[in-house]
Amino acid sequence: MTEMIFEARDEHNKKRERKFMRRKFLKKELAVCMMAVMCLYGCGGKDTAAAKPAEAGSVAATDAPVEEESSAAEEDSKTADFRAHFAEVKVNGNVITFPCSHQEVLDFGFVLEDDENDLVGAGINHFPSFSWKDDEYASFSLEYRFKGTGSSKAVKDCDAVGILWSAGAVGSVDVEFYGGICAESTREEVAAILNEVYSTEANAEYSLFLDGKENQGIDVIFAGDKLSEVELFNIADYVE
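The following refers to the structure shown. Only a predicted model underlies this, so the values are computations on that prediction, with no experimental measurement involved. (Residues numbered from 1 in each chain as written. Predicted model: local features only at pLDDT ≥ 70, side-chain atom pairs only at ≥ 80, totals over all residues. Heavy atoms only, no water.)

### Things to note about the overall build of the protein chain
A tally of regular secondary structure across the protein chain gives 5 helices and 14 strands. Of all 240 residues assigned to the protein chain, the portion counted as buried reaches 36%. Surface accessibility of the protein chain: about 14500 Å² in total, with carbon and sulfur atoms responsible for 53%. (Helix = DSSP H or I, 4+ residues; strand = E, 2+ residues; numbered from the N terminus. Buried < 20%, exposed > 50% of the residue type's maximum accessible area, 1.4 Å probe, protein only. Areas by Shrake-Rupley, 256 points an atom, 1.4 Å probe, with all protein chains shown as cover.)

Take a look at the structure:
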């Protein structure tokens, strides 16, 4: 049984690495496409728009900066809101914010299904299993890490820095992530909150991060049109 648990955790770590590499590849492809478009339209041509004098009474020249400033302000507001609230998870109406201590996790209502003395390795993702105080069939995997020196620490002495949640294991518990993302959310609703990583008829992925290393953010997976998995992690203070 122990070997199966370690194999499952190892597979999840590999899955996260594959997600990161896929997003990195897609970003690179997007950058190449943008450069090609810029070369196509920005090189070797005469800028007729710039050469044409503004007509009397025209407000086009003054509208553009205002619209850009408005768009930038709106984007800054969205980023600030995401930074302030992305790490919050609402369970049955109550909010827990990651990272938090193991005791705070227990006090909130999560019930540890593993041994609290299991060891968490330094710099390694460890995902103890939890149920919910009012629903033993609800299943959650919380990510644990620790700060400071040492090769390992017991789960009870570490912090919960994120959560991996499968919509199929929700039981009777209401779970809600940033922007109201929940088991019933559609692709369109999630796309309005997060950035699309890829989307096909079979599946889709949406994510949003605060840093280039993707240590703070949310990742959402769809299987078909059904939300399948949400992973939230806030590990910036726990990695070198």
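### Here's the deal with the nonpolar core
With 45 residues, the main nonpolar core has Phe110, Phe140, Leu142, Ile163 and Trp165 as its most contacted residues. In this structure, Val161, Phe209, Ile235 and Tyr238 belong to the second largest nonpolar core, which totals 5 residues. (Core = buried A, V, L, I, M, F, W, Y, C linked by side-chain atoms within 4.5 Å.)

### Comments concerning the environment of Gly150
Along the chain, Gly150 falls in the loop between β7 (135–145) and β8 (152–154). A C-alpha to C-alpha distance of 7.0 Å links Gly150 and Ala122, two positions 28 residues apart in sequence.

### Notes on the packing of aromatic side chains
Scanning the model with the defined rule gives 11 aromatic pairs in all. Relative to Phe86, the ring of Phe82 lies with its centre 5.2 Å away and its plane at 25°, an arrangement referred to as stacked. Across this residue pair, the class does not change: Phe82 and Phe86 are buried. Aromatic pair Phe110 and Phe130: ring centres 6.1 Å apart, planes at 70°, arrangement edge-to-face. Remark: Phe130 occurs in strand β6 (residues 129–132) and Phe110 occurs in strand β4 (residues 110–112); sequence separation between them is 20 residues. The residues Phe110 and Phe130 share a single accessibility class, namely buried. Members of the aromatic cluster, each reached through a chain of ring pairs, are Phe108, Phe110, Phe130, Trp132, Phe140 and Tyr144. The ring centre of Tyr238 lies 5.1 Å from the NZ or CZ of Lys147, which sits over that ring. (Phe/Tyr/Trp six-rings, centres within 6.5 Å; stacked < 30°, edge-to-face > 60°. Lys NZ or Arg CZ within 6 Å of the ring centre and 35° of its normal.)

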